[in-house]
Amino acid sequence: MKPINVGLLGIGTVGGGTFTVLQRNCEEITRRAGRPIQIVVVADKNLELAKLVTGGACRITDDAFSVVSDPEVDVVIELIGGYGVAKELVMQAIANGKHVVTANKALLATHGNEIFKAAQDKGVMIGFEAAVAGGIPIIKAVREGLTANRIEWIAGIINGTTNFILSEMRDKGLSFDTVLKEAQRLGYAEADPTFDIEGVDAAHKITLLASLAFGIPVQFDKAYIEGISSLDAVDIKYAEQLGYRIKLLGIARRTPEGIELRVHPTLIPAKRLIANVEGAMNAVLVQGDAVGATLYYGKGAGAEPTASAVIADLVDITRMHTADPENRVPHLAFQPGAMVDLPMLPMSEVTSSYYLRLRVADKTGVLADITRILADQLISIDAVIQKEPADNETEADLIMLTHQTREKCIDAAIAKIEALNVVTGRVTRLRMEELGK
Ligand code: HSE
(Lines give C-alpha, C1' and ligand atoms only; values in the text may rest on other atoms or scores of the structure.)
Protein backbone atom coordinates (compact mmCIF):
# COMPACT_ATOMS: atom_id res chain seq x y z
CA MET A 1 0.00 0.00 0.00
CA LYS A 2 1.15 3.55 -0.72
CA PRO A 3 3.20 4.85 2.23
CA ILE A 4 2.35 7.97 4.25
CA ASN A 5 5.12 10.46 3.60
CA VAL A 6 6.44 12.52 6.46
CA GLY A 7 8.51 15.71 6.53
CA LEU A 8 10.43 16.13 9.78
CA LEU A 9 11.33 19.63 10.99
CA GLY A 10 14.14 19.44 13.53
CA ILE A 11 16.41 16.46 14.06
CA GLY A 12 17.48 17.22 17.62
CA THR A 13 16.85 14.87 20.54
CA VAL A 14 13.20 14.03 19.79
CA GLY A 15 13.62 14.19 16.01
CA GLY A 16 16.54 11.78 16.19
CA GLY A 17 14.52 9.48 18.47
CA THR A 18 11.61 9.56 16.05
CA PHE A 19 13.84 8.65 13.14
CA THR A 20 15.44 5.78 15.07
CA VAL A 21 12.20 4.29 16.45
CA LEU A 22 10.40 4.53 13.10
CA GLN A 23 13.24 2.65 11.45
CA ARG A 24 13.69 0.09 14.22
CA ASN A 25 10.00 -0.78 14.59
CA CYS A 26 8.92 -0.16 11.01
CA GLU A 27 7.45 -3.60 10.52
CA GLU A 28 5.23 -3.53 13.60
CA ILE A 29 4.27 0.09 13.01
CA THR A 30 3.21 -0.77 9.44
CA ARG A 31 1.15 -3.71 10.70
CA ARG A 32 -0.64 -1.34 13.07
CA ALA A 33 -1.01 1.62 10.73
CA GLY A 34 -2.06 -0.40 7.69
CA ARG A 35 0.58 1.16 5.48
CA PRO A 36 4.24 2.15 5.80
CA ILE A 37 5.10 5.49 7.39
CA GLN A 38 8.28 6.92 5.94
CA ILE A 39 10.24 10.08 6.59
CA VAL A 40 10.99 11.41 3.13
CA VAL A 41 12.66 14.67 4.08
CA VAL A 42 14.33 16.14 7.17
CA ALA A 43 14.90 19.85 7.66
CA ASP A 44 17.49 21.09 10.11
CA LYS A 45 19.86 24.04 10.21
CA ASN A 46 22.59 21.58 11.13
CA LEU A 47 22.94 19.65 7.89
CA GLU A 48 25.88 17.65 9.21
CA LEU A 49 23.77 16.35 12.08
CA ALA A 50 20.86 15.61 9.74
CA LYS A 51 23.22 13.67 7.48
CA LEU A 52 24.63 11.72 10.40
CA VAL A 53 21.25 10.75 11.89
CA THR A 54 19.50 9.92 8.62
CA GLY A 55 22.49 8.12 7.13
CA GLY A 56 21.30 8.95 3.62
CA ALA A 57 17.92 7.26 4.16
CA CYS A 58 16.00 10.37 3.07
CA ARG A 59 16.45 13.85 1.63
CA ILE A 60 17.83 16.55 3.92
CA THR A 61 17.52 20.32 3.68
CA ASP A 62 18.16 23.39 5.78
CA ASP A 63 14.99 25.04 4.45
CA ALA A 64 12.04 24.05 6.66
CA PHE A 65 9.65 26.14 4.53
CA SER A 66 10.36 23.93 1.52
CA VAL A 67 9.13 20.93 3.54
CA VAL A 68 5.73 22.41 4.47
CA SER A 69 5.04 23.08 0.78
CA ASP A 70 6.58 19.84 -0.51
CA PRO A 71 3.95 18.03 -2.63
CA GLU A 72 5.39 14.67 -1.62
CA VAL A 73 4.77 15.33 2.11
CA ASP A 74 1.47 14.23 3.71
CA VAL A 75 2.35 14.91 7.37
CA VAL A 76 4.70 17.48 8.88
CA ILE A 77 6.33 16.79 12.25
CA GLU A 78 7.24 20.07 13.93
CA LEU A 79 10.01 19.64 16.50
CA ILE A 80 11.57 23.09 16.29
CA GLY A 81 9.88 24.53 19.37
CA GLY A 82 8.99 28.09 20.35
CA TYR A 83 6.28 30.33 18.97
CA GLY A 84 8.10 32.20 16.18
CA VAL A 85 9.09 30.31 13.08
CA ALA A 86 7.43 27.16 14.39
CA LYS A 87 4.04 28.89 14.31
CA GLU A 88 4.60 30.12 10.76
CA LEU A 89 5.60 26.65 9.62
CA VAL A 90 2.63 24.97 11.29
CA MET A 91 0.18 27.51 9.84
CA GLN A 92 1.69 27.12 6.37
CA ALA A 93 1.62 23.33 6.62
CA ILE A 94 -2.09 23.49 7.53
CA ALA A 95 -2.80 25.96 4.72
CA ASN A 96 -1.08 23.53 2.33
CA GLY A 97 -3.37 20.71 3.52
CA LYS A 98 -0.73 18.81 5.50
CA HIS A 99 -1.51 17.07 8.78
CA VAL A 100 0.77 18.19 11.61
CA VAL A 101 2.31 16.39 14.56
CA THR A 102 3.98 18.56 17.15
CA ALA A 103 5.56 18.32 20.59
CA ASN A 104 5.32 22.08 20.96
CA LYS A 105 3.28 22.71 24.09
CA ALA A 106 4.32 26.38 24.26
CA LEU A 107 2.94 26.97 20.77
CA LEU A 108 -0.34 25.14 21.35
CA ALA A 109 -0.93 26.59 24.83
CA THR A 110 -0.56 30.13 23.50
CA HIS A 111 -1.88 29.88 19.91
CA GLY A 112 -3.83 26.61 20.06
CA ASN A 113 -7.27 28.14 19.42
CA GLU A 114 -6.08 29.72 16.18
CA ILE A 115 -4.15 26.62 15.09
CA PHE A 116 -6.97 24.15 15.82
CA LYS A 117 -9.49 26.42 14.06
CA ALA A 118 -7.29 26.62 10.96
CA ALA A 119 -6.85 22.84 10.98
CA GLN A 120 -10.58 22.31 11.41
CA ASP A 121 -11.38 24.64 8.50
CA LYS A 122 -8.84 22.87 6.29
CA GLY A 123 -9.87 19.37 7.37
CA VAL A 124 -6.43 18.35 8.61
CA MET A 125 -5.38 16.76 11.90
CA ILE A 126 -3.03 18.12 14.56
CA GLY A 127 -1.45 15.43 16.73
CA PHE A 128 0.07 16.67 19.99
CA GLU A 129 0.43 13.64 22.23
CA ALA A 130 4.14 14.45 22.65
CA ALA A 131 3.35 17.94 23.94
CA VAL A 132 2.16 16.73 27.35
CA ALA A 133 4.02 14.30 29.60
CA GLY A 134 6.27 12.93 26.83
CA GLY A 135 5.70 9.23 26.37
CA ILE A 136 2.62 8.93 28.60
CA PRO A 137 -0.47 8.66 26.34
CA ILE A 138 -2.36 11.17 28.48
CA ILE A 139 -3.93 13.09 25.59
CA LYS A 140 -5.33 9.84 24.24
CA ALA A 141 -6.56 8.82 27.70
CA VAL A 142 -8.34 12.09 28.46
CA ARG A 143 -9.65 12.67 24.94
CA GLU A 144 -10.77 9.12 24.19
CA GLY A 145 -10.38 6.66 27.04
CA LEU A 146 -12.28 8.76 29.59
CA THR A 147 -14.84 10.14 27.20
CA ALA A 148 -17.80 8.78 29.21
CA ASN A 149 -16.83 10.83 32.25
CA ARG A 150 -17.50 14.24 33.56
CA ILE A 151 -13.92 14.98 34.47
CA GLU A 152 -13.69 16.66 37.86
CA TRP A 153 -10.02 17.42 38.15
CA ILE A 154 -6.56 16.64 36.87
CA ALA A 155 -3.39 16.96 38.91
CA GLY A 156 -0.07 16.18 37.30
CA ILE A 157 3.64 16.08 37.80
CA ILE A 158 4.23 17.20 34.24
CA ASN A 159 7.70 18.68 34.38
CA GLY A 160 10.51 16.20 34.80
CA THR A 161 13.21 18.78 35.47
CA THR A 162 11.51 20.19 38.55
CA ASN A 163 10.52 16.76 39.81
CA PHE A 164 14.13 15.66 39.45
CA ILE A 165 15.29 18.75 41.35
CA LEU A 166 12.77 18.29 44.18
CA SER A 167 13.59 14.57 44.46
CA GLU A 168 17.34 15.16 44.64
CA MET A 169 16.97 18.02 47.11
CA ARG A 170 14.86 15.81 49.39
CA ASP A 171 16.89 12.62 48.99
CA LYS A 172 20.43 13.92 49.00
CA GLY A 173 20.03 17.29 50.66
CA LEU A 174 21.63 18.92 47.59
CA SER A 175 21.18 22.58 46.75
CA PHE A 176 18.79 23.78 44.09
CA ASP A 177 21.60 25.10 41.83
CA THR A 178 23.63 21.88 41.92
CA VAL A 179 20.65 19.76 40.97
CA LEU A 180 19.54 22.12 38.21
CA LYS A 181 22.96 21.81 36.53
CA GLU A 182 22.67 18.02 36.69
CA ALA A 183 19.16 18.14 35.16
CA GLN A 184 20.50 20.26 32.30
CA ARG A 185 23.40 17.87 31.79
CA LEU A 186 20.96 14.97 31.58
CA GLY A 187 18.95 16.80 28.91
CA TYR A 188 15.65 17.11 30.79
CA ALA A 189 15.50 20.89 30.86
CA GLU A 190 13.96 23.17 28.25
CA ALA A 191 16.27 25.31 26.09
CA ASP A 192 15.39 28.09 28.54
CA PRO A 193 15.38 26.32 31.93
CA THR A 194 13.42 29.15 33.54
CA PHE A 195 10.40 27.65 31.73
CA ASP A 196 10.90 24.51 33.82
CA ILE A 197 11.84 26.08 37.12
CA GLU A 198 9.25 28.84 37.09
CA GLY A 199 6.42 26.46 36.21
CA VAL A 200 5.79 27.82 32.70
CA ASP A 201 6.35 24.48 30.95
CA ALA A 202 3.96 22.73 33.37
CA ALA A 203 1.44 25.54 32.83
CA HIS A 204 1.59 25.03 29.06
CA LYS A 205 0.80 21.36 29.59
CA ILE A 206 -1.98 21.72 32.17
CA THR A 207 -3.58 24.39 29.96
CA LEU A 208 -3.90 21.80 27.18
CA LEU A 209 -5.19 19.14 29.57
CA ALA A 210 -7.80 21.55 30.98
CA SER A 211 -9.16 22.17 27.49
CA LEU A 212 -9.39 18.44 26.81
CA ALA A 213 -10.97 17.73 30.18
CA PHE A 214 -13.61 20.46 30.26
CA GLY A 215 -14.15 21.41 26.61
CA ILE A 216 -12.96 24.98 27.13
CA PRO A 217 -10.74 27.08 24.83
CA VAL A 218 -6.99 26.98 25.42
CA GLN A 219 -6.27 29.78 27.94
CA PHE A 220 -2.66 29.82 29.03
CA ASP A 221 -3.00 33.52 29.92
CA LYS A 222 -5.49 32.57 32.68
CA ALA A 223 -3.16 30.07 34.35
CA TYR A 224 -1.73 30.93 37.76
CA ILE A 225 1.98 30.03 37.71
CA GLU A 226 4.43 29.69 40.57
CA GLY A 227 7.64 27.70 40.20
CA ILE A 228 10.11 26.17 42.62
CA SER A 229 12.98 28.66 42.49
CA SER A 230 12.07 30.24 45.82
CA LEU A 231 11.27 26.97 47.55
CA ASP A 232 13.35 26.52 50.68
CA ALA A 233 14.91 23.13 51.49
CA VAL A 234 13.71 23.50 55.07
CA ASP A 235 10.09 23.29 53.90
CA ILE A 236 10.81 20.04 52.07
CA LYS A 237 12.17 18.72 55.38
CA TYR A 238 9.26 19.95 57.54
CA ALA A 239 6.71 18.69 55.00
CA GLU A 240 8.31 15.28 55.19
CA GLN A 241 8.14 15.30 59.00
CA LEU A 242 4.43 16.04 58.70
CA GLY A 243 3.85 13.16 56.27
CA TYR A 244 3.86 15.18 53.03
CA ARG A 245 5.99 15.49 49.90
CA ILE A 246 6.33 18.70 47.94
CA LYS A 247 5.71 18.37 44.19
CA LEU A 248 5.29 20.94 41.45
CA LEU A 249 1.73 20.15 40.39
CA GLY A 250 -0.30 21.34 37.44
CA ILE A 251 -3.91 21.40 38.59
CA ALA A 252 -7.10 21.86 36.57
CA ARG A 253 -10.32 21.61 38.56
CA ARG A 254 -13.95 22.18 37.78
CA THR A 255 -15.79 24.02 40.58
CA PRO A 256 -19.33 25.45 40.67
CA GLU A 257 -17.81 28.96 40.40
CA GLY A 258 -15.46 28.24 37.52
CA ILE A 259 -12.30 26.46 36.42
CA GLU A 260 -9.13 26.45 38.49
CA LEU A 261 -5.98 26.39 36.34
CA ARG A 262 -2.82 26.58 38.37
CA VAL A 263 0.78 25.42 38.76
CA HIS A 264 2.61 25.68 42.07
CA PRO A 265 4.65 23.68 44.56
CA THR A 266 2.14 21.60 46.50
CA LEU A 267 2.25 19.47 49.64
CA ILE A 268 0.62 16.10 48.99
CA PRO A 269 0.24 13.22 51.44
CA ALA A 270 3.30 10.96 51.19
CA LYS A 271 1.02 7.92 51.12
CA ARG A 272 -0.45 8.87 47.70
CA LEU A 273 1.09 6.99 44.77
CA ILE A 274 1.71 10.25 42.93
CA ALA A 275 3.72 11.56 45.88
CA ASN A 276 6.20 8.75 45.24
CA VAL A 277 6.91 9.67 41.65
CA GLU A 278 10.59 10.48 41.78
CA GLY A 279 13.33 11.78 39.51
CA ALA A 280 12.45 13.01 36.04
CA MET A 281 9.35 10.79 35.83
CA ASN A 282 5.92 12.29 35.14
CA ALA A 283 2.53 11.22 36.46
CA VAL A 284 -0.97 12.49 35.88
CA LEU A 285 -3.94 11.78 38.15
CA VAL A 286 -7.36 12.22 36.58
CA GLN A 287 -10.59 12.14 38.57
CA GLY A 288 -13.67 11.24 36.53
CA ASP A 289 -17.18 10.92 37.97
CA ALA A 290 -17.68 7.39 36.63
CA VAL A 291 -14.21 5.88 36.69
CA GLY A 292 -12.96 7.54 39.88
CA ALA A 293 -9.24 8.25 40.04
CA THR A 294 -6.91 6.98 37.31
CA LEU A 295 -3.15 7.46 37.36
CA TYR A 296 -0.81 7.59 34.37
CA TYR A 297 2.93 7.27 34.91
CA GLY A 298 5.98 7.28 32.70
CA LYS A 299 8.83 9.19 31.14
CA GLY A 300 7.89 12.76 30.41
CA ALA A 301 10.93 13.62 28.31
CA GLY A 302 13.79 12.09 26.38
CA ALA A 303 14.40 10.99 22.81
CA GLU A 304 12.58 7.67 22.51
CA PRO A 305 9.78 8.22 25.08
CA THR A 306 8.77 11.41 23.27
CA ALA A 307 9.25 9.71 19.89
CA SER A 308 6.82 7.04 21.10
CA ALA A 309 4.13 9.75 21.39
CA VAL A 310 5.06 11.39 18.07
CA ILE A 311 4.80 8.07 16.24
CA ALA A 312 1.51 7.20 17.94
CA ASP A 313 0.12 10.39 16.40
CA LEU A 314 1.57 9.43 13.01
CA VAL A 315 -0.19 6.06 13.23
CA ASP A 316 -3.50 7.72 14.19
CA ILE A 317 -3.21 10.10 11.25
CA THR A 318 -2.35 7.25 8.90
CA ARG A 319 -5.42 5.31 10.04
CA MET A 320 -7.78 8.30 9.92
CA HIS A 321 -6.62 10.52 7.09
CA THR A 322 -9.10 9.13 4.58
CA ALA A 323 -12.01 9.50 7.04
CA ASP A 324 -14.43 12.35 6.62
CA PRO A 325 -13.02 15.15 8.88
CA GLU A 326 -16.40 15.37 10.65
CA ASN A 327 -16.00 11.77 11.78
CA ARG A 328 -12.53 12.10 13.26
CA VAL A 329 -11.76 12.53 16.96
CA PRO A 330 -12.03 16.27 17.72
CA HIS A 331 -8.68 17.92 18.50
CA LEU A 332 -9.76 19.08 21.94
CA ALA A 333 -11.99 16.09 22.75
CA PHE A 334 -15.26 18.05 22.39
CA GLN A 335 -16.85 18.90 19.05
CA PRO A 336 -15.65 22.37 18.00
CA GLY A 337 -19.21 23.74 18.12
CA ALA A 338 -19.70 22.32 21.62
CA MET A 339 -16.83 24.10 23.36
CA VAL A 340 -17.95 26.27 26.30
CA ASP A 341 -16.47 29.41 27.77
CA LEU A 342 -16.58 28.59 31.48
CA PRO A 343 -15.31 31.30 33.83
CA MET A 344 -11.68 30.89 34.89
CA LEU A 345 -11.19 31.44 38.63
CA PRO A 346 -8.60 33.97 39.74
CA MET A 347 -6.18 32.53 42.30
CA SER A 348 -7.67 34.67 45.08
CA GLU A 349 -10.92 32.68 44.73
CA VAL A 350 -9.29 29.25 44.70
CA THR A 351 -9.90 27.00 47.71
CA SER A 352 -7.02 25.02 49.20
CA SER A 353 -5.47 23.94 52.47
CA TYR A 354 -2.22 25.61 53.46
CA TYR A 355 1.14 25.00 55.08
CA LEU A 356 2.49 28.04 56.90
CA ARG A 357 5.99 28.47 58.31
CA LEU A 358 6.66 31.40 60.60
CA ARG A 359 9.64 32.57 62.59
CA VAL A 360 8.25 33.60 65.97
CA ALA A 361 9.51 34.86 69.31
CA ASP A 362 9.45 32.09 71.90
CA LYS A 363 7.08 34.01 74.22
CA THR A 364 3.78 33.49 76.00
CA GLY A 365 0.70 34.34 73.94
CA VAL A 366 2.31 34.23 70.50
CA LEU A 367 0.34 31.21 69.38
CA ALA A 368 -2.87 32.75 70.75
CA ASP A 369 -2.32 35.95 68.72
CA ILE A 370 -1.77 33.96 65.54
CA THR A 371 -4.67 31.57 65.97
CA ARG A 372 -6.99 34.52 66.72
CA ILE A 373 -6.08 36.10 63.38
CA LEU A 374 -6.76 32.83 61.58
CA ALA A 375 -10.07 32.38 63.43
CA ASP A 376 -11.14 35.91 62.44
CA GLN A 377 -10.77 34.80 58.80
CA LEU A 378 -12.73 31.59 59.62
CA ILE A 379 -9.60 29.52 58.94
CA SER A 380 -9.51 26.29 60.87
CA ILE A 381 -6.16 24.84 61.97
CA ASP A 382 -5.41 21.19 61.21
CA ALA A 383 -2.01 20.79 62.88
CA VAL A 384 0.67 22.88 64.59
CA ILE A 385 4.26 22.13 65.43
CA GLN A 386 6.70 24.41 67.11
CA LYS A 387 10.36 23.57 66.80
CA GLU A 388 12.49 24.23 69.86
CA PRO A 389 14.70 27.31 69.38
CA ALA A 390 18.29 26.40 68.59
CA ASP A 391 20.87 27.03 71.36
CA ASN A 392 21.34 30.75 72.03
CA GLU A 393 18.31 31.63 69.88
CA THR A 394 15.11 33.23 71.11
CA GLU A 395 13.08 32.54 68.01
CA ALA A 396 11.54 29.30 66.81
CA ASP A 397 10.00 27.93 63.63
CA LEU A 398 6.26 27.49 63.90
CA ILE A 399 4.60 25.30 61.29
CA MET A 400 0.85 25.27 60.87
CA LEU A 401 -1.40 23.29 58.55
CA THR A 402 -4.85 24.72 57.87
CA HIS A 403 -8.09 23.23 56.66
CA GLN A 404 -9.53 24.46 53.37
CA THR A 405 -10.04 28.15 52.89
CA ARG A 406 -10.03 30.65 50.05
CA GLU A 407 -6.67 32.02 49.01
CA LYS A 408 -7.82 35.60 49.64
CA CYS A 409 -8.65 34.68 53.27
CA ILE A 410 -5.27 33.10 53.96
CA ASP A 411 -3.52 36.05 52.31
CA ALA A 412 -5.46 38.51 54.49
CA ALA A 413 -4.56 36.50 57.59
CA ILE A 414 -0.89 36.30 56.57
CA ALA A 415 -0.70 40.08 56.13
CA LYS A 416 -1.96 40.53 59.71
CA ILE A 417 0.32 37.81 61.09
CA GLU A 418 3.36 39.40 59.43
CA ALA A 419 2.45 42.70 61.09
CA LEU A 420 2.72 41.17 64.60
CA ASN A 421 5.82 42.26 66.53
CA VAL A 422 6.50 38.70 67.59
CA VAL A 423 6.74 37.45 64.00
CA THR A 424 10.04 37.94 62.15
CA GLY A 425 10.20 38.27 58.40
CA ARG A 426 7.78 36.82 55.89
CA VAL A 427 5.44 33.90 56.40
CA THR A 428 6.13 31.01 54.02
CA ARG A 429 2.87 29.83 52.50
CA LEU A 430 2.50 26.64 50.46
CA ARG A 431 -0.68 25.03 49.19
CA MET A 432 -1.69 21.50 50.13
CA GLU A 433 -3.90 19.11 48.18
CA GLU A 434 -5.22 15.82 49.54
CA LEU A 435 -5.84 14.46 46.01
CA GLY A 436 -8.50 12.15 47.41
CA LYS A 437 -12.00 12.32 45.97
N1 HSE B 1 11.56 20.27 30.05
C2 HSE B 1 10.50 19.30 30.03
C3 HSE B 1 10.52 18.56 31.37
C4 HSE B 1 10.68 18.36 28.87
O5 HSE B 1 11.45 18.77 32.15
O6 HSE B 1 9.62 17.82 31.64
C7 HSE B 1 9.45 17.76 28.32
O8 HSE B 1 8.44 18.66 28.05
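Residues numbered from 1 in each chain as written. Predicted model: local features only at pLDDT ≥ 70, side-chain atom pairs only at ≥ 80, totals over all residues. Heavy atoms only, no water.

As for the packing of helix α8 (residues 160–172) against helix α9 (residues 176–185)
Counted only if it meets this: Interaxial angles span 0 to 180 degrees and are taken between N-to-C directions of axes, which are lines fitted to C-alpha atoms, for helices over the stretch in contact. A run of H or I in DSSP becomes a helix once it reaches four residues, and a run of E becomes a strand once it reaches two; helices and strands are each numbered from the N terminus. Angles below 35 degrees are treated as roughly parallel, those above 145 as roughly antiparallel, those between 65 and 115 as roughly perpendicular, and all remaining angles as oblique. Handedness of a crossing follows from how the near helix is turned relative to the far one, being left-handed for an anticlockwise turn of less than a right angle and right-handed for a clockwise one. We call two residues in contact whenever any of their non-hydrogen atoms come within 4.5 Å of each other.
It is the contact of α8 with α9, at a shortest axis distance of 9 Å, that shows an interaxial angle of 135°. For the element pair α8 / α9, the angle class is oblique. When the axes of α8 and α9 are compared, the crossing they make is right-handed. Only F176, V179, L180, E182 and A183 of α9 make contact with α8, whose side of the interface consists of T161, F164, I165, E168 and M169.

Section: the domain arrangement of the protein chain
Condition: Those domain boundaries reflect an automatic or database domain assignment. Accessible area, probed at 1.4 Å, shrinks when two parts are joined; the buried area is that loss added up over both.
The domain architecture assigned to the protein chain consists of domain 1 (4–135 + 303–338), domain 2 (138–298) and domain 3 (349–432). If you average the C-alpha positions of domain 2 and of domain 3, the two centres end up 26 Å apart. On the side of domain 3, 15 residues touch domain 2, which itself brings 19 residues to the contact. The contact between domain 2 and domain 3 buries some 1,400 Å² in all, and 60% of this surface belongs to carbon and sulfur atoms.

Structural notes on the packing of aromatic side chains
The condition is simple: Two aromatic rings, drawn from Phe, Tyr or Trp (for Trp, its six-membered ring), form a pair once their centres lie within 6.5 Å of each other, and the interplanar angle then sorts them: stacked below 30 degrees, edge-to-face above 60, tilted otherwise.
Using the criterion set out here, one finds 1 aromatic pair in the structure. Between the aromatic rings of F116 and F128, the centroid separation amounts to 5.4 Å while the plane-to-plane angle is 50°, which identifies the pairing as tilted. Taken together, the positions of F116 in helix α6 (residues 105–122) and F128 in the loop between β6 (126–127) and α7 (138–145) put the pair 12 residues apart, joining distant regions of the chain.

Looking at the site of the ligand
The criterion, for reference: Definition of nearness: a residue and a molecule or strand are near each other if at least one heavy atom of the residue lies within 4 Å of the molecule or strand. Under the rule applied, a polar contact is a pair of N or O atoms within 3.5 Å (in protein, one hydrogen donor and one hydrogen acceptor; residues adjacent in sequence only if both atoms are side-chain atoms). Note on areas: these come from Shrake-Rupley sampling with a 1.4 Å probe, and a residue is covered only by the protein chains present in the view. The pocket and cavity definitions rest on a 1 Å grid over protein atoms only: a 1.4 Å probe that fits but cannot leave marks a cavity, an open set with protein on both sides within 12 Å along at least five of seven lines marks a pocket, and residues lining either have an atom within 4 Å of a point. By definition, a pocket or cavity contains a molecule when more than half of the molecule's atoms lie within 2 Å of the pocket's grid points.
Close contacts around the ligand come from K105, N159, G160, T161, Y188, A189, E190, D196, D201, K205, G300 and A301, and that covers them all. Interatomic distance of 2.6 Å between a side-chain N/O atom of K105 and an oxygen atom of the ligand. When the ligand sits alone it has 260 Å² of accessible area, and the protein chains cover 91% of it. Spatially, the ligand is embedded in the largest pocket.

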